[in-house]
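Each chain, letter by letter, is given below.
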Amino acid sequence: MSTTAAAPPPPVPQAFPQANASAQPANAVQPQAAPSAPAPAKKTRSTPATLRLLLALSVLASLAFGVAGFQTGSSQARATADASAEAAQLIGIQSVRNDLVRADAIAANAFLVGGLEPADQRAEYDAAIDDATQSLTTLAADDKAGDTDFAQINSEVAIYTGLIEQARANNRQGFPVGAAYLSQASALLNDSTLPQLEALVLASADRAAGSFTATTVSLVWLVIALVALVALIWVHLWITRRSHRYLNWPLLIAAVAMLAVGILGVVTFSNTAGAAIEARQNSYAKTLAISQAYTSATEAKSLESFTLIKRGSGQTLEAQVQTAVADAQARLDSTGKNYLISDDLGNGFDSWVEKHQEIREKDDAGDWDGAVELAISQDPGSANAVFDSFSEAAQDDIESSSAATQNALDGGGALASLLGWIFLVTGLAAAVLSWRGVSLRLKEYR
Amino acid sequence: MSAIRSRTARIGLIAALVGTLALTACSPRSGSDDLGLTPTPTPTETTPSAPAPASTCENVPGEVQPSYSPISPDSIPAGSTMETIRNNGVLRVGVSADTLLMGARDPLTGQIEGFDIDVLHEISRAIFGDPNKLQFKVITSAQRLEVLTPDAAGNTQVDIVARTMTINCARWETIAFSTEYYGAGQKVLVASDSEATSLRELEGLGDQKVCAPASTTTLTRLEDEFPGVEAVSAATHTECLVLFQQGKVDAITGDDTILAGFAAQDPYAKVVGDAFSDEPYGLGMPADKVDLVQFVNGVLDRMRSDGTWTSLYDKWLGVLGPAPAPPAPVYGR
């Protein structure tokens, strides 16, 4: 860095060895007296010429300090903002997925009830679809990657709701073809829409991961700023020794200011990077764990209705329910993790699993009607009620830990951004001061 | 003095930077790490049923494969399959829940009902003295043979399949059939404004898509005998109706009973032409349960002679016209 900064010097007699510039300070203590044989070039350069070179070097170093520091701050602020936005986007996409799975579960559950579906279930279905379509619009607008998948998902949701309406209309007239429309709608959702949403979740998680890493990678700019700081301090020392004057106020102020800001920078920027790493391992990881557990739980709940609709042919689906249940339980267990998920959430889910077991036992024992009765009951203590309370608790937890992540990231980002500006201002001021400081010495040779 | 300061500061800075960079290296890198996704091997799709083994047997047109001779349905011999079923307290049956008129779930009552189902109620009555000791397992056409095939422990998923199943010699190789309890014939369902009255005419129109359920004799015949139309398969007959209503297929071919149920659900569809095949329906049972087959044949014989068969026909299939004579049983296996 210091070599490139010294590259465009004012008129310099003959070629000067740049590499020696940094090796010089040790020898330079005895002015010109040391007959160091391998460096004859030094003797040929006059002091004013060297000073002119140092003038350029110190100004450039100050500017580099300011610009590199600013770059650290702004890129770190950008990275944390991106990570924060992407984390929100990811949770948003997962919640759309959960809404759709939920809507499908309600539609299937209503089918179990019979031709005339209960009004409150219908309202719940409408609310879930409403949530999903509204979030899709916001998510598409916030989408950083410009994925067109959102448009595709939106149109599939439209087709899905159309099929469900047809299923309803037929069901209401007592036509068995309604069930076929329902299963076609479900197939569309499960075979096409949900995998696309999962791909979007993964892509979003990858971008978030990139942004999290970028908060630390931006510290590379800080290294450049620090090298510039060292260069300026060296210039100051060189001039002090050469001129036998201990105080060169402008240079001293510049060096001290840069040193102070530099130390502040190291502390703040590494704090921000540390906070991002911390958030990633704690609140962000927790958000993802609960959100994914909730997704698996919703899936299990939805599959429960389908195991009953299949009436006796639900075993293969029940295997999928068990996989989803195991996945949810594993994710809700925070033992050995950096974060803590309250036992209440896990227990809430486990009590639904028990209710589900009761339903399956009834169906497996041949009491399909009894199983359906349990599955569609909305009474307190029923499978539906237990799942609803788990669902609320999970959504609350997702919201709070997601907010914690965003707070940690946004706070660090704002500080990093502010410090970036301080670096820039300090760098510019230091450039002026160094110009002035070195010029003072230079004047003495006129 | 300041030289020392800068040097210690520099060391401090470098240490801080190296520290943070090392921390980053330890934290997970990719999005799927953050999501805690473990690469799962793609689950191998289990095919709903093994493709019917290439059979060398020949069905003689117009002749039904014979079944085992009947035994009296009035008593249950000790140690028989029927006794085991009676001790279990329930007759496990594989049925359709979406074939209107034959076996369909009434969305209003939630009950599965139809001609097939009522035949099963008669068998339940003969075993238990109660027509309602049935435990339904809803299956697709493709599952019909699978649920009657014994697993490693020698158990089958159901005792009887009553799901519009045609008796043929290829199926006789893996399961056993009762005598014919209904004589269906394959027809075509087209849009109400269509002028075609047969599959041949549809072939003539060109570029016509015709739907039939997978793993059925209907689909096989469609593919083999009518290469001029594009055969489209669906999991069930009813899914064919969905495709038809969505305009994705131009016609559905299937047994007249099933198509009559479709026409009842869709005023813009009609069943045309004469039956171009005989589809003798039989109740499917595990191949090794000969006594059960004989018992069921006894129940069917009684239904034919005491008028039960005719009243069931009138109840469910009256839309097809006046009840014909019940199909005559063929024995001799």
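Keep in mind the model is a prediction, meaning the values are calculated, not measured.

Some details on the overall build of chain A
Across its full length, chain A carries 14 helices and 0 strands. Starting at the N terminus and walking to the C terminus, you meet the elements of chain A as α-α-α-α-α-α-α-α-α-α-α-α-α-α. In chain A, which comprises 446 residues, the share counted as buried stands at 52%. Look at the contacts in chain A between residues 6 or more apart in sequence, and 82% of them connect residues 24 or more apart.

A short note on the side chain of B:Thr218
Secondary-structure assignment places B:Thr218 in helix 7 (residues 217–225). For B:Thr218, the residues in contact, after removing those within four places along its chain, are B:Gln186, B:Ala212, B:Thr253, B:Gly254 and B:Asp255.

Here we look at the state of the cysteines
Residue and element names in this part refer to chain B. Within this structure, the stated rule accounts for 1 disulfide over all chains. Disulfide partner of Cys211: Cys240, at an S-S distance of 2.1 Å. The sign of the -75 degrees torsion about the S-S bond sets the Cys211-Cys240 disulfide as left-handed. Here Cys240 lies in helix 8 (residues 237–245) and Cys211 lies in strand 9 (residues 209–213), a separation of 29 residues in the sequence. Since its relative accessible area comes to 0%, Cys240 is described here as buried.

Structural notes on the confidence of the model for chain B
Here chain B averages 85 in pLDDT, and 86% of its residues register 70 or above. A low-confidence stretch, residues 45–52 of chain B stays under pLDDT 50, and its non-local contacts, those more than four residues away or across chains, total 4 contacts.

Describing the packing of helix 6 (residues 149–172) of chain A against helix 7 (residues 177–217) of chain A
Residue and element names in this part refer to chain A. Contact geometry for helix 6 and helix 7: axes closest at 8 Å, N-to-C directions at 165 degrees. With respect to their mutual orientation, helix 6 and helix 7 come out roughly antiparallel. Here helix 6 runs over helix 7; the crossing is left-handed. Grouping the amino acids of the contact of helix 6 with helix 7 by side-chain chemistry returns 15 nonpolar, 10 polar and 2 charged.

Describing the pattern of salt bridges
Within this structure, the stated rule accounts for 19 salt bridges over all chains. Notably, a salt bridge pairs B:Arg200 with B:Glu203, separated by 2.6 Å at the nearest N-O pair. Linking B:Arg200 with B:Glu203, this pair stays in helix 6 (residues 199–205), spanning 3 residues, or about one helical turn. It is possible to trace a salt-bridge network through shared partners that takes in A:Arg122, A:Asp126, A:Glu165 and A:Arg168.

Topic: the interface of chain B and chain A
On the side of chain A, 52 residues touch chain B, which itself brings 48 residues to the contact. Between chain B and chain A, the buried area comes to about 4,000 Å², and carbon and sulfur atoms account for 62% of it. The largest per-residue losses of area from chain B upon contact with chain A belong to B:Leu35, B:Arg105 and B:Pro107, which jointly make up 16% of the total buried on that side. Summed over the shared surface of chain B and chain A, the result is 1 salt bridge.

Observations concerning the nonpolar core
Membership of the largest hydrophobic core comes to 148 residues, with the highest contact counts inside it found for B:Phe115, B:Ile123, B:Ile160 and B:Leu283. For this core, the two domains that each supply at least three residues are domain 1 (81–181 + 282–320) and domain 2 (185–272) of chain B. Beyond its immediate chain neighbours, meaning those up to four positions away, B:Phe115 contacts B:Leu101, B:Met102, B:Tyr181, B:Tyr182, B:Trp309, B:Leu312, B:Tyr313, B:Trp316 and B:Leu317. Formed by 26 residues, the second largest nonpolar core is a distinct cluster that contains A:Ala68, A:Ala225, A:Leu259 and A:Val261.

Let's talk about the sheet that holds strand 4 (residues 112–113) of chain B
Residues and elements named next belong to chain B. Read across the sheet, 3 strands follow the order 2-3-4 without closing on themselves; strand pairing throughout is antiparallel. With partners counted over all chains shown, the strands left at the sheet margins are strand 2 (98–99) and strand 4, one partner each. Where strand 2 lies against strand 3 (residues 103–105), 2 bridges are found, and the strand directions are antiparallel. Bridging from a neighbouring strand, Thr99 pairs with Gly103 of strand 3.

Points about the side chain of A:Ser186
Residues and elements named next belong to chain A. Mapped onto the secondary structure, Ser186 falls in helix 7. Classification of Ser186 by relative accessible area gives buried; the value is 6%. When residues no more than four places from it in sequence are discounted, the contact partners of Ser186 are Asp104, Tyr160 and Phe306.

Describing the packing of helix 8 (residues 219–243) of chain A against helix 9 (residues 249–281) of chain A
Residue and element names in this part refer to chain A. Two numbers describe how helix 8 lies on helix 9: the axes approach to 10 Å, and their chain directions differ by 160 degrees. One finds that helix 8 runs roughly antiparallel with respect to helix 9. As helix 8 packs across helix 9, the resulting crossing turns out to be left-handed. Across the interface between the two elements, Leu219, Leu222, Leu226, Ala228, Leu229, Leu232, Ile233, His236 and Ile239 of helix 8 pack against Leu251, Leu252, Ala254, Ala255, Met258, Leu259, Gly262, Gly265, Val266, Phe269, Ser270 and Ala273 of helix 9. Classifying every residue of the contact of helix 8 with helix 9 by side-chain character gives 17 nonpolar, 4 polar and no charged.

Details of the packing of aromatic side chains
Enumeration according to the criterion identifies 19 aromatic pairs over all chains in this entry. Ring geometry for A:Phe349 against A:Phe390: centres 5.2 Å apart, planes inclined by 50 degrees, an arrangement best described as tilted. Remark: A:Phe390 occurs in helix 14 (residues 383–443) and A:Phe349 occurs in helix 12 (residues 343–364); sequence separation between them is 41 residues. Members of the aromatic cluster, joined through ring pairs, are B:Phe115, B:Tyr181, B:Tyr182, B:Tyr281, B:Trp309 and B:Tyr313. The ring of A:Tyr125 carries A:Arg168 above its face, with NZ or CZ at 4.6 Å from the centroid. A cation over a ring is seen here: A:Lys301 above A:Phe387, with NZ or CZ 5.9 Å from the ring centre.

With respect to the environment of B:Leu219
Residue and element names in this part refer to chain B. The topology assignment puts Leu219 in helix 7. Residue Leu219 is classed as buried on the basis of its relative accessible area, which comes to 10%. Leu219 sits 12 residues away from Ala231 along the chain, and the two C-alpha atoms are 7.5 Å apart. Leu219 has contacts with Ala212, Pro213, Ala214, Ala231, Val232 and Ser233, leaving out every residue within four places of it along the chain.

Considerations on the pairing of strand 1 (residues 91–95) of chain B
Residue and element names in this part refer to chain B. Counted residue by residue, strand 1 has 4 buried out of 5 residues, so it is predominantly covered. Of the strand pairs in this sheet, strand 1 and strand 6 (residues 160–162) are connected by 3 bridges, and their pairing is parallel. Directly across from Gly94, in strand 6, lies its bridge partner Val161.

The rules behind these values
- Residues numbered from 1 in each chain as written.
- Chains lettered and ligands numbered in written order.
- Predicted model: local features only at pLDDT ≥ 70, side-chain atom pairs only at ≥ 80, totals over all residues.
- Heavy atoms only, no water.
- Helix = DSSP H or I, 4+ residues; strand = E, 2+ residues; numbered from the N terminus.
- Buried < 20%, exposed > 50% of the residue type's maximum accessible area, 1.4 Å probe, protein only.
- Contact = heavy atoms within 4.5 Å.
- Disulfide = S-S within 2.5 Å.
- pLDDT = per-residue confidence, 0-100.
- Axes fitted to C-alpha atoms, helices over the stretch in contact; angles between N-to-C directions.
- Parallel < 35°, antiparallel > 145°, perpendicular 65-115°, else oblique.
- Left-handed = near helix turned anticlockwise from the far one by under 90°.
- Nonpolar A, V, L, I, M, F, W, Y, C, P; charged D, E, K, R; others polar.
- Salt bridge = Lys/Arg side-chain N within 4 Å of Asp/Glu carboxyl O.
- Buried area = accessible area lost by both parts, 1.4 Å probe.
- Core = buried A, V, L, I, M, F, W, Y, C linked by side-chain atoms within 4.5 Å.
- Domains from an automatic or database assignment.
- Pairing = 2+ DSSP bridges.
- Phe/Tyr/Trp six-rings, centres within 6.5 Å; stacked < 30°, edge-to-face > 60°.
- Lys NZ or Arg CZ within 6 Å of the ring centre and 35° of its normal.

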